[in-house]
Amino acid sequence: MSLDELNEAQRAAVQSRDGAHLVVAGAGTGKTRTLVHRVAWLIEQGVAPGQIVLLTFTRRAAEEMLDRVAAQVGPEARAVRGGTFHAFALGALRRFADTLGWTPSFTVMDREDAEDMVGLVRSELGYAEGKQKFARKGTVLDVLSRSVNTHKTIQEVLSDQYPQYGAFADAFEAIGRRYAERKQAHGVMDYDDLLVLLATLLRDHPEARRKLSSEAHHVLVDEFQDTNRLQAEIAVLLSSAHGNLMVVGDEAQSIYGFRGASVRNILDFPKLFPDIQITKLEENYRSTQPVLDLANAVLDSAREGFHKRLRAVRGEGPLPRIVDVIDEHDQADAVVKRILALRAAGVPVSKQAVLFRSAYHSFLLETRLVEEEIAFKKFGGMRFGEAAHIKDALALVRLVANPRDAMAWFRVLGWFEGLGEKTAQKIGDAIANADDPVLDAAQFKGRKYHAALLDLANQLDSWAPLVMEPVSCVEAVVAWYRERMPSIYDDAKRRLKDLDALPLVAERHQSIESFLSTVAIDPIEDANADRPEGDDEILTLSTIHSSKGLEWEAVHLLQLADGGFPSAWSLDDDSAMEEEIRLLYVAVTRARRELWLTRPHFVRTRGPTGVGPGCSLLEPIEHLDDLVEFLRHDPEAGADSAASEDLFRRLRSFLDM
Ligand code: ATP
Ligand code: MG
């Protein structure tokens, strides 16, 4: 292998002596590259690949790193034990399950199974029947999991996240205890158990700790700033036999605080090891200087943390640009236009990414990309047509278009109290085959759900004339569905916003059918079937959280306005706002050269009557204005500038009234 591709500080870290080592440095300074070379170097020094443990944030990241190691030292690098903390835990627990009183043949449940088990326990303990409405199984699991990961009590989690259940802490705890017993008795673990049990094993069972840590001669961890307390504890205990632990990270990129990650892990790391080596990397190899000037200014606007400077090895480039757009439509148009312009200028779409704070920010853009036949892959968060509540609303629209759509009936009937799956299927089939389906829906007299069914049938009747007016139809359906959401989802409030995109999408369509086929976006795999050129032509859409560690020639960042990014949930919370600033830093530092930030000035939301789009003025984010000297305004980039400026003025004066 060659160490020529490294600078001096990187090389020193790669060849450093055994012991604890912290590499702490800004984005794009080659931390991940240093880890890759360190692993290759260790193998060259004669360390058996099987005695190296490389822990990363995603399986994808681990695989990529090991590919790079293999390219340097050959295929034996495959024996390195690389992966996520969860995957590593699974392997270790298989061997030591006995020690913890578990069966070695335990299985791991996915999220859905875990929810179902919680649901069963909830019913057994009698919380599902009471008069007072109790939390759904998914919510109960969320609360239990959050408590484990953030080290908060159930009561604290409830007060923070689900105040409506604040009085039920005892019930959640009882369910939690029974759920834990049940899991152990049945030999099934959920995801959280993997970390909790491995930490317990390493902490409380010296024999197991000695064995596991003596097999792990070198432990290396990437993205250490986003580990939670359990993960940090696991890393330290795992290396206890040798103390060979190299962790790399950037405290300014800590963006998983909401999930219990603690930036203290990296800040306090040196305190654990008196003899620790610390490497700081100064030069950024990823981005041009103007991109980094913006990143530096973002860091300056954060109150916490070190204010370090990023220096570009690559030198100058174009200024990042800020694009003022009217609303999400205008934003989608502007971004599509820019993507195509860059492609024409020689930047393939595969080297471009659209990043956003919340998965729903890209919904409208996704439908535009489908129209333009630009293939994309989305990482982090659901795609538009996949979210449960979007599917719900679409099911209603489908019933307006086709009252015989049995699957849509089945979905809708699922919301009715006192109606099980079998009955729903029966009713759905009956209605779908009836002469007048809507009339038929009203026939189920005497049943608990009769009134609700009648109400729905009447609604469908009243919407029927709207079948040629997609916007009015979708608005009416969404307005009706909104009222029902709180009884369908415990986190209805969080989901409400997503619905705003539906009428906006409808605006582009002449008929309900064409609207429905656009939102039922084909999965990318199908789009790929006749695309032998592979990934070359595929654009990346990603939440900022899922863009960690990655880079693109051009980055388009969406929705920079209060309530978009920064997220509405963070606006009145100082520490959450700090995390938003770190997120902006992560987003900005993904760009190698071209960086476009769009800033919509209006979002269209439900009007005061609950029907039809209203408007609300977004506040462009404050610190972005402070950063403007690092940005170039680009009024031309907005869609139809002349027309839009006029509209802009009118909307503004309307809202100021
Ligand atoms: P992040 O904080 O985003 O995870 P990082 O510090 O892990 O970034 P890398 O991804 O390792 O940074 O490197 C950023 C880019 O710079 C990569 O394209 C990498 O190949 C390149 N790079 C790193 N070090 C060097 C070097 N010494 N010479 C040339 N290119 C380098
Ligand atoms: Mg990295």
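Residues numbered from 1 in each chain as written. Chains lettered and ligands numbered in written order. Predicted model: local features only at pLDDT ≥ 70, side-chain atom pairs only at ≥ 80, totals over all residues. Heavy atoms only, no water.

Notes on the pattern of salt bridges
With the rule as written, the count across this model stands at 37 salt bridges. A salt bridge links E223 to K548, with the shortest nitrogen-to-oxygen separation between them at 3.9 Å. Residue E223 is found in the loop between β6 (218-221) and α11 (229-238), and its partner K548 is found in the loop between β14 (539-543) and β15 (552-557); the two are separated by 325 residues along the sequence. Of the two residues, E223 and K548, both sit in the buried class. Each of R286, R314, E551, E553 and R592 takes part in salt bridges that share partners, so that together they form one network. (Salt bridge = Lys/Arg side-chain N within 4 Å of Asp/Glu carboxyl O. Helix = DSSP H or I, 4+ residues; strand = E, 2+ residues; numbered from the N terminus. Buried < 20%, exposed > 50% of the residue type's maximum accessible area, 1.4 Å probe, protein only.)

Considering the site of ligand 1
Around ligand 1 lies a shell of 18 residues, among which K31, T32, Q253, E551 and R590 are the nearest. E5 is positioned with one of its backbone polar atoms (N or O) 3.1 Å from a nitrogen atom of ligand 1. A total of 640 Å² of accessible area belongs to ligand 1 in isolation, and the protein chains cover 84% of it. Examining the composition of the shell around ligand 1, we find that three residues originate from one element, helix α2 (residues 31-44), more than from any other. Classifying every residue of the shell around ligand 1 gives three nonpolar, nine polar and six charged. Counting the residues that make up the shell around ligand 1, at least three belong to each of domain 1 (8-93 + 195-281) and domain 3 (311-374 + 537-619). (Near = heavy atom within 4 Å. Polar contact = N/O pair within 3.5 Å; in protein donor to acceptor, adjacent residues only side chain to side chain. Areas by Shrake-Rupley, 256 points an atom, 1.4 Å probe, with all protein chains shown as cover. Nonpolar A, V, L, I, M, F, W, Y, C, P; charged D, E, K, R; others polar. Domains from an automatic or database assignment.)

With respect to unusual backbone geometry
For the bond running from F565 to P566, omega is 5°, close enough to zero to count as cis. Looking at where P566 falls in the secondary structure, it is placed in the loop between β15 and α27 (574-588). For H151, which is not a glycine, the phi torsion comes out positive at approximately 55°. When you line up the elements, H151 lands in the loop between α6 (137-150) and α7 (154-161). Assessed through its relative accessible area of 39%, H151 is described here as partly exposed. Positive phi, close to 55°, is recorded for E373, a residue that is not glycine.

Observations regarding the sheet that holds strand β7 (residues 245-249)
The parallel open sheet is built from six strands, whose spatial order is β3-β2-β6-β7-β1-β8. Each edge of the open sheet carries a strand with a single partner, namely β3 (81-83) and β8 (277-281). Pairwise comparison of adjacent strand axes, ignoring direction, gives a mean angle of 10° for this sheet. Summarising the sheet, β6 and β7 pair through three bridges and their orientation is parallel. The residue bridging V219 from the neighbouring strand is L245, located in β7. (Pairing = 2+ DSSP bridges. Axes fitted to C-alpha atoms, helices over the stretch in contact; angles between N-to-C directions.)

A word on the pairing of strand β2 (residues 52-55)
Neither face of β2 is left uncovered, since the one carrying I52 and L54 and the one carrying V53 and L55 both have all their residues buried. Pairing analysis gives four bridges linking β2 to β6, with the strands arranged parallel. When the sheet's bridge partners are listed, L55 is paired in β6 with V221. Of the pairings in the sheet, the one linking β2 to β3 comprises three bridges and is parallel in character. Across the sheet, the residue bridging to V53 is R81, located in β3. Viewed along the sheet, the connection from β2 through helix α3 (residues 59-73) into β3 turns out right-handed. (Right-handed = clockwise from strand over helix to strand, strands pointing away.)

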